[in-house]
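Listed here are the chains, written in short residue letters.
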Number of protein chains: 2
Amino acid sequence: MTQSPWQPISPAKPVRPAKEPLNRERIVDTALRVMIDQGYEAVSMRKIAQELQTGPASLYAHVANKKELDQLLVDRAAAAMNLPSPPDPERWQEQLKEAMREMLRAMRTMPGVARAAIGAVPLGEAALRTSECLLGILKAGGLPDQAVAWAVDLIPLYVTAVAFEENVQRADQWSPEDLEQFLDGLRSYFASLPADRFPLTMALAGPLTAGAAGDDRFEFGISVITAGLASLAERR
Amino acid sequence: MTQSPWQPISPAKPVRPAKEPLNRERIVDTALRVMIDQGYEAVSMRKIAQELQTGPASLYAHVANKKELDQLLVDRAAAAMNLPSPPDPERWQEQLKEAMREMLRAMRTMPGVARAAIGAVPLGEAALRTSECLLGILKAGGLPDQAVAWAVDLIPLYVTAVAFEENVQRADQWSPEDLEQFLDGLRSYFASLPADRFPLTMALAGPLTAGAAGDDRFEFGISVITAGLASLAERR
DNA sequence: TTCGCGCGTAGAACAGTGTTCGTCAACGAA
DNA sequence: TTCGTTGACGAACACTGTTCTACGCGCGAA
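Keep in mind it's a predicted model, so treat the numbers as computed, not measured.

### Points about the protein's contact with DNA strand C
Right, so step 1: By nearness alone, 20 residues border DNA strand C, and Arg46(A), Tyr60(A), Thr54(B), Ala57(B) and His62(B) come closest of all.
Right, so step 2: By atom count, sugar and phosphate contribute 53% of the portion of DNA strand C lying within 4 Å of the protein.
Right, so step 3: Met45(A) places a polar main-chain atom, nitrogen or oxygen, 2.9 Å from a phosphate oxygen of DNA strand C.
Right, so step 4: The side chain of Ser58(B) places a nitrogen or oxygen atom 3.5 Å from a base nitrogen of DNA strand C.
Right, so step 5: Breaking the surface near DNA strand C down by element, the ones donating at least two residues are helix 2 (45–51) and helix 3 (56–59) of chain A together with helix 3 (56–59) of chain B.
Right, so step 6: Split by residue class, the surface near DNA strand C holds eight nonpolar, six polar and six charged.

Laid out in structure tokens, this is it:
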């Protein structure tokens, strides 16, 4: 089928520029960069495509869908964790806490990865490596196998949830002053409650609004979990 | 200003049907209904408006935005929980576990509410009531005030995360067979790993994939948390 | 009774989203 | 040289939350 003669001449020939071909790694790199400096909400297929100077459809040749891209980002975060090893039966509780701190640290450097990780079992290679590490520490602690397995589910669940909660605040661009202002509002809200129905909430308004910014609350959480797991080990 | 005489006859008169006026409660009712039988993802302003035979803009007269609607749904779930009371110092650990089971139960009857609850401090009246209840139980357990306060943060975080994880599966319409198939795939995936790098993952493939369907894993989690909190109380 | 005002209603539009369709250029094999 | 395959990608589809704007009804004031 030849061209119709009256057709307008071919429009300026897009002349595909000799640019680096797309691949999965470049896509994940770009997504990670966008996520780090604009947050998870900004990571859209369109934005990444634009950043790579292409159209959104091009990405689908290398990534099944957005969910898979999310998983790849999670795996990047997991790869960035350097966890304690080898497991030491004498120090397993401290090692466990160190591991949890490291997990939170890695998730903090990539705000938004918690949002991508929550509610989806991470099965990438790097994620499995962290699981393997946790398994080692917990086995060194002398926990029964079933407890070890479930703990490996519980621990990332908690850390991810904490990171996610922090990122919700970060996503709204809260400054420390905003946070303090929010807490002030919260305290006066607690103070305005009906005293007959919420006596404890009112009495504990101070502690309830403490430690929101720093790591104290997280340290409390990992202490509770570690102590709880230790109690299972001791009664073996 | 009279009508121009040449104007076409009044166009069928929209005749606003004598329908019940919109209000916040009807909106939340509808949203809840949609969420229960179609999941959280299906709860959109448009869909709710359509369900109420109106346009999406109408909702904004009664609800500030989607986030606020989410919070109202969460509060409905909180209102549906009937928690143990009064606190009993002799049975505080069992009461705590009962409370957590009840929280999960309520969230299960409203699949999707966990998605709405996660990462946003619930401050509605019903949510405060559950906090107050937890505060009572934990105080009865003899925990220090700061521990009580942080525990009240930790507990809903865990329960919500578990419920959310379950709902991700439910959202994808997984049947029990699908779940079993997924676990089979997981086990064979574990079996195919390089044995030198993932020895523990392979050895514990059984326990790792156990208890995904039932409540055993959740029971383990609440036991760990309760034991951890108890250890803080005992060393007072 | 009539006027005017305000509030609730709601259609249309805006700026996004994930994803798919169909086309087009480039490249290796025949 | 021609063919077939593959990757790239603009356009379009079906959505989303939210806002603008006009419209009509009920209610209080005159």
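### With respect to the interface of chain B and chain A
Think of interface size as the accessible area that goes away when the parts come together; that is how it is often given.
Right, so step 1: At the junction of the two partners, chain B supplies 53 residues and chain A supplies 53 residues.
Right, so step 2: Summed over both sides, the interface between chain B and chain A buries roughly 4900 Å², with carbon and sulfur atoms accounting for 74% of that surface.
Right, so step 3: The tally of links between chain B and chain A comes to four salt bridges.
Right, so step 4: Close ionic contact of Arg197(B) with Glu125(A) constitutes a salt bridge, the shortest N to O distance being 2.9 Å.
Right, so step 5: Joining chain B to chain A, the criterion identifies 13 residue pairs in polar contact (both at pLDDT 80 or more).
Right, so step 6: Elements that contribute at least two residues to the side of chain B that touches chain A include exactly helix 7 (125–140), helix 8 (145–171), helix 9 (176–191), helix 10 (199–203), helix 11 (205–208) and helix 12 (216–234) of chain B.

### Quick notes on unusual backbone geometry
Right, so step 1: Going from Ser85(B) to Pro86(B), the amide bond is cis rather than trans, its omega being 0 degrees.
Right, so step 2: Here Pro86(B) shows up in the loop between helix 4 (66–79) and helix 5 (92–109).
Right, so step 3: Even without being glycine, Gln53(A) reaches a positive phi, approximately 55 degrees.

### Topic: the relation of the copies chain B and chain A
The operation linking the two copies of the chain is a rotation about an axis combined with a translation along the axis.
Right, so step 1: Mapping chain B onto chain A is achieved by rotating through 180 degrees and translating by 0.0 Å along the same axis, at an RMSD of 0.1 Å. Considering both components of the superposition, the chain copies are consistent with a two-fold axis. Taking C-alpha positions as reference, the residue of chain B nearest the rotation axis is Gly228(B), located at 1.9 Å.
Right, so step 2: Most of the interface of chain B is mirrored in chain A: 100% of its interface residues are interface residues there too.

### Considering the nonpolar core
Right, so step 1: Counting residues in each nonpolar core, the largest one holds 131 residues, and the members touching the most others are Leu138(A), Ile155(A), Leu229(A), Leu138(B), Ile155(B), Tyr158(B) and Leu229(B).
Right, so step 2: Every residue in contact with Leu229(A), bar those within four places of it in the chain, is listed here: Trp92(A), Leu96(A), Leu138(A), Leu143(A), Ala151(A), Ile155(A), Phe220(B) and Val224(B).

### A closer look at the side chain of Glu165(A)
Right, so step 1: Here Glu165(A) is to be found in helix 8 (residues 145–171).
Right, so step 2: For Glu165(A), a relative accessible area of 12% translates into the label buried.
Right, so step 3: Those residues in contact with Glu165(A), other than ones at most four positions away along the chain, are Arg217(A), Gly119(B), Asp153(B) and Leu157(B).

### With respect to the UniProt feature "DNA-binding region" (unreviewed entry) in chain A
Right, so step 1: Residues annotated by UniProt as "DNA-binding region" (unreviewed entry) correspond here to residues 44–63 of chain A.
Right, so step 2: This span, residues 44–63 of chain A, is 55% helix and 0% strand, and a straight line between its end C-alpha atoms measures 13 Å.

### A look at the environment of Gln71(B)
Residues and elements named next belong to chain B.
Right, so step 1: The topology assignment puts Gln71 in helix 4.
Right, so step 2: Counting along the chain gives 56 residues from Gln71 to Ala127, while the straight-line C-alpha distance between them is 9.8 Å.
Right, so step 3: Beyond its immediate chain neighbours, meaning those up to four positions away, Gln71 contacts Ala116, Ala120, Val121, Pro122 and Leu123.

### Topic: the packing of aromatic side chains
Right, so step 1: On inspection of all chains with the given rule, the structure shows six aromatic pairs over all chains.
Right, so step 2: With a centroid separation of 5.8 Å and 50 degrees between ring planes, the pair formed by Phe220(A) and Trp150(B) is classed as tilted. Of this pair, Phe220(A) sits in helix 12 (residues 216–234) while Trp150(B) sits in helix 8, on two different chains. Each member of the pair Phe220(A) and Trp150(B) is classed as buried.

Scoring rules and cut-offs
- Residues numbered from 1 in each chain as written.
- Chains lettered and ligands numbered in written order.
- Predicted model: local features only at pLDDT ≥ 70, side-chain atom pairs only at ≥ 80, totals over all residues.
- Heavy atoms only, no water.
- Near = heavy atom within 4 Å.
- Polar contact = N/O pair within 3.5 Å; in protein donor to acceptor, adjacent residues only side chain to side chain.
- Helix = DSSP H or I, 4+ residues; strand = E, 2+ residues; numbered from the N terminus.
- Nonpolar A, V, L, I, M, F, W, Y, C, P; charged D, E, K, R; others polar.
- Contact = heavy atoms within 4.5 Å.
- Buried area = accessible area lost by both parts, 1.4 Å probe.
- Salt bridge = Lys/Arg side-chain N within 4 Å of Asp/Glu carboxyl O.
- Least-squares fit on C-alpha atoms with pLDDT ≥ 70 in both.
- Core = buried A, V, L, I, M, F, W, Y, C linked by side-chain atoms within 4.5 Å.
- Buried < 20%, exposed > 50% of the residue type's maximum accessible area, 1.4 Å probe, protein only.
- UniProt positions renumbered as here; feature names shortened; annotations may be inferred.
- Phe/Tyr/Trp six-rings, centres within 6.5 Å; stacked < 30°, edge-to-face > 60°.

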